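# Chain and residue survey
Residue strings, one per chain:
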Amino acid sequence: MILSTSLVHRIPPIVRPASSHAAPRGLAAILQKNPDDVVITFAKRTPVGRAKKGQFRDAPATLEKTKLDPSKIDDICVGTCHPPSPLYVSRAAALAAGIPHDVPISTVNRLCSSGLMAIRSIAHSIQAGETSLGLAVGVESMSLNPRPTPEVCETVDKSTEAHDCIQPMGWTSEMVAETYKVSRQIQDKYALISHERANKALAAGTFQNEIIPVEIKGTLHSKDDTIRPNVSAESLASLKPVFPTWGEASTTAGNASGVGDGAAICILTTRERAQREGLSIVGKWVGSAIVGVEPKYMGISPVYAVPKVLSQLGLTKEDIDVYEINEAFASQFAHCVEELKIPIEKINPNGGSIAISHPLGMTGVRQVVTGLAELQRSGGNLLCTSMCVGSGMGAAAVFVNEAR
């Protein structure tokens, strides 16, 4: 990954005291604007490419046009899952992009929530007064680094839950489908919604405002190449299961997220600094929640993560205008939607990972980028993002649209 920035005048970072009040509770308090709010001044992503076959199979993703003087950056956090030595790679990418060597960087890996955890890390650092402006990046090249096979010693593997937590994600999809009675027909129904919405959004150019075009070898890439045209109920029903020996064998290439390549970025700072420096504010960080669930059924975790974050913030389900809930598999996504009892019209209005794909480290930031862009179009206030996390965890977070 290369972070490319356009240079402007250099201003030394501002040090501020730690925030003296707790996170706001209740809709009215959350919508108030305070100088020490953690705000997002830039939220963009690359197109998504199909792993090993798509537009980024031979090259890393590039983020540019942030129009940020790199000397202003206090810290960078990169969410990524599977590259070997991810900190070395991320540090090298930052240095190659012209970011000064005195700007530190870290990486975080909480599997499918890694991008969101990068945002959370920078937000918390700003709230603690340790950082004034930071970059949160989510990136994954599944062409270069597919999921490795976890290995544990025999003693650890004797624990049932320990054994379950390192099993392939497809196995957990089948366990959810079997245990919670999510039929192949129901899975295909939800998958079709994702495919149809993503195709409609692609045709309408809906994603263009959130995508930074990437030039590779003289070719400019500005659209997701993962969105498959002409998907129908009949074509989904015709697909063979990809895990025929597990559970109900109901997971297919059409009702599960694809593997892909891509990157996304959010720039975070305080409202006071953004206003002082004339930075556009597109969103506000409110808060997050992390949960653990039985590893065998890791996909159901948004059922617990979403209510937890809403409760922490004094919100109701109805207060949220748009939900971006990751579609790792239609089995778990269908179960979560029906258990949460959230109208499907509010969830992934432009399709989700079943259609767009799921570069693991990218997704947590892409959901924020996509959700805020949708709120800008619709004029809504609040976004809630959530995802299941491999090994048996889940995460959720709430953001405010400030680009109305």
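Residues numbered from 1 in each chain as written. Predicted model: local features only at pLDDT ≥ 70, side-chain atom pairs only at ≥ 80, totals over all residues. Heavy atoms only, no water.

This part covers the packing of helix α7 (residues 184-204) against helix α11 (residues 330-340). Packing of α7 against α11 leaves a shortest axis separation of 9 Å and a crossing angle of 85 degrees. Accordingly, the angle class assigned to the pair α7 and α11 is roughly perpendicular. Seen from α7, the contacting residues are Ile186, Gln187 and Tyr190; seen from α11, they are Ala330, Ser331, Phe333, Ala334, Val337 and Glu338. Tallied by class, residues from the contact of α7 with α11 come to six nonpolar, two polar and one charged. (Axes fitted to C-alpha atoms, helices over the stretch in contact; angles between N-to-C directions. Helix = DSSP H or I, 4+ residues; strand = E, 2+ residues; numbered from the N terminus. Parallel < 35°, antiparallel > 145°, perpendicular 65-115°, else oblique. Contact = heavy atoms within 4.5 Å. Nonpolar A, V, L, I, M, F, W, Y, C, P; charged D, E, K, R; others polar.)

Mapped onto the secondary structure, Asn230 falls in the loop between β9 (219-221) and α8 (233-237). Using a relative accessible area of 73% as the deciding quantity, one classes Asn230 as exposed. Separated by 35 residues in sequence, Asn230 and His195 have C-alpha atoms that sit 8.8 Å apart. (Buried < 20%, exposed > 50% of the residue type's maximum accessible area, 1.4 Å probe, protein only.)

Let's shift gears to the environment of Glu338. Here Glu338 shows up in helix α11. Through-space distance from the C-alpha of Glu338 to that of Ser71 is 47 Å; in sequence the pair is 267 residues apart. Non-local contacts of Glu338, meaning those with residues more than four positions away in its chain, are made with Ile186 and Tyr190. A distance of 2.9 Å separates the side chain of Glu338 from the side chain of Tyr190, its partner in a polar contact. (Polar contact = N/O pair within 3.5 Å; in protein donor to acceptor, adjacent residues only side chain to side chain.)

The subject of this paragraph is the pattern of salt bridges. One pass over the full model with this rule turns up eleven salt bridges. Between Arg271 and Glu402 there is a salt bridge, with its nearest N and O atoms 2.6 Å apart. You can see Arg271 sitting in helix α9 (residues 271-276) and its partner Glu402 sitting in the segment after β14 (393-401), a full 131 residues away along the chain. Each member of the pair, Arg271 as well as Glu402, carries the same accessibility label: buried. Salt bridges sharing partners connect three or more residues here, namely Lys72, Glu272, Arg273, Arg276 and Glu277. (Salt bridge = Lys/Arg side-chain N within 4 Å of Asp/Glu carboxyl O.)

In this section: helix α2 (residues 86-96). Within α2, the full set of buried residues consists of Ser90, Ala93 and Ala94. An end-on view of α2 places all buried positions within 100 degrees of arc, on one side of the element. Counted as exposed and oriented over 90 degrees from the buried face of α2: Tyr88 and Ala96. In the stretch just after α2, Gly98 is the one whose phi turns positive, near 95 degrees. (Arc of directions from axis to C-beta.)

All right, on to the nonpolar core then. Counting 39 residues, the largest nonpolar core has Ile40, Ile119, Cys266, Leu268 and Phe399 as its most contacted members. No other element matches the seven residues that helix α3 (residues 114-127) contributes to this core. Beyond its immediate sequence surroundings of up to four residues, Ile40 is in contact with Cys266, Ile267, Leu268, Ser280, Ile281, Val282, Gly283, Val368, Leu372 and Phe399. In terms of nonpolar packing, the next biggest core, distinct from the first, is built from 27 residues, Tyr323, Ala334, Ile344 and Ala396 among them. (Core = buried A, V, L, I, M, F, W, Y, C linked by side-chain atoms within 4.5 Å.)

Here the focus is the pairing of strand β2 (residues 38-45). Summarising burial for β2: seven of the eight residues are buried, a large majority. Pairing analysis gives seven bridges linking β2 to strand β10 (residues 260-270), with the strands arranged antiparallel. Considered in β10, the bridge of Val39 is made with Thr269. As paired strands, β2 and strand β11 (residues 283-292) are joined by two bridges and run antiparallel to one another. Bridge pairing in β11 links Val39 to Lys284. (Pairing = 2+ DSSP bridges.)

Our focus in this paragraph is the pairing of β10. Taken across its eleven residues, β10 has eleven buried, putting it largely inside the fold. The pairing of strand β3 (residues 49-50) with β10 spans two bridges and is classified as antiparallel. Opposite Arg50, over in β10, you have Gly260 as the bridge partner. Two strands pair when backbone bridges link them, and strand β7 (residues 133-141) and β10 are joined in this way by nine bridges, in the antiparallel orientation.

Counting across every chain of the model gives four aromatic pairs. On the basis of an interplanar angle of 85 degrees and a centroid distance of 5.6 Å, the ring pair of Tyr180 and Tyr297 is categorised as edge-to-face. Here the residue Tyr180 occupies a position in the loop between α6 (169-179) and α7, and Tyr297 occupies one in the loop between β11 and α10 (302-312), the gap between them amounting to 117 residues. For Tyr180, a relative accessible area of 32% gives the class partly exposed. On the basis of relative accessibility, which here comes to 12%, the residue Tyr297 falls in the buried class. One Lys or Arg, Arg45, reaches over the ring of Phe207 and ends 5.3 Å from the middle of that ring. (Phe/Tyr/Trp six-rings, centres within 6.5 Å; stacked < 30°, edge-to-face > 60°. Lys NZ or Arg CZ within 6 Å of the ring centre and 35° of its normal.)

Our focus in this paragraph is the side chain of Ser250. Positionally, Ser250 belongs in the loop between α8 and β10. Those residues in contact with Ser250 that lie beyond four places of it in its chain are Glu174, Ala177, Arg184, Gln187 and Asn255.

Along the chain, Pro104 falls in the loop between α2 and β6 (105-108). What makes Pro104 partly exposed here is its relative accessible area of 39%. Taking C-alpha positions, Pro104 is 6.4 Å from Ile76, a pair spaced 28 residues apart along the chain. Sequence-distant contacts of Pro104, that is, excluding residues within four places in its chain, are made with Asp74, Asp75 and Ile76.

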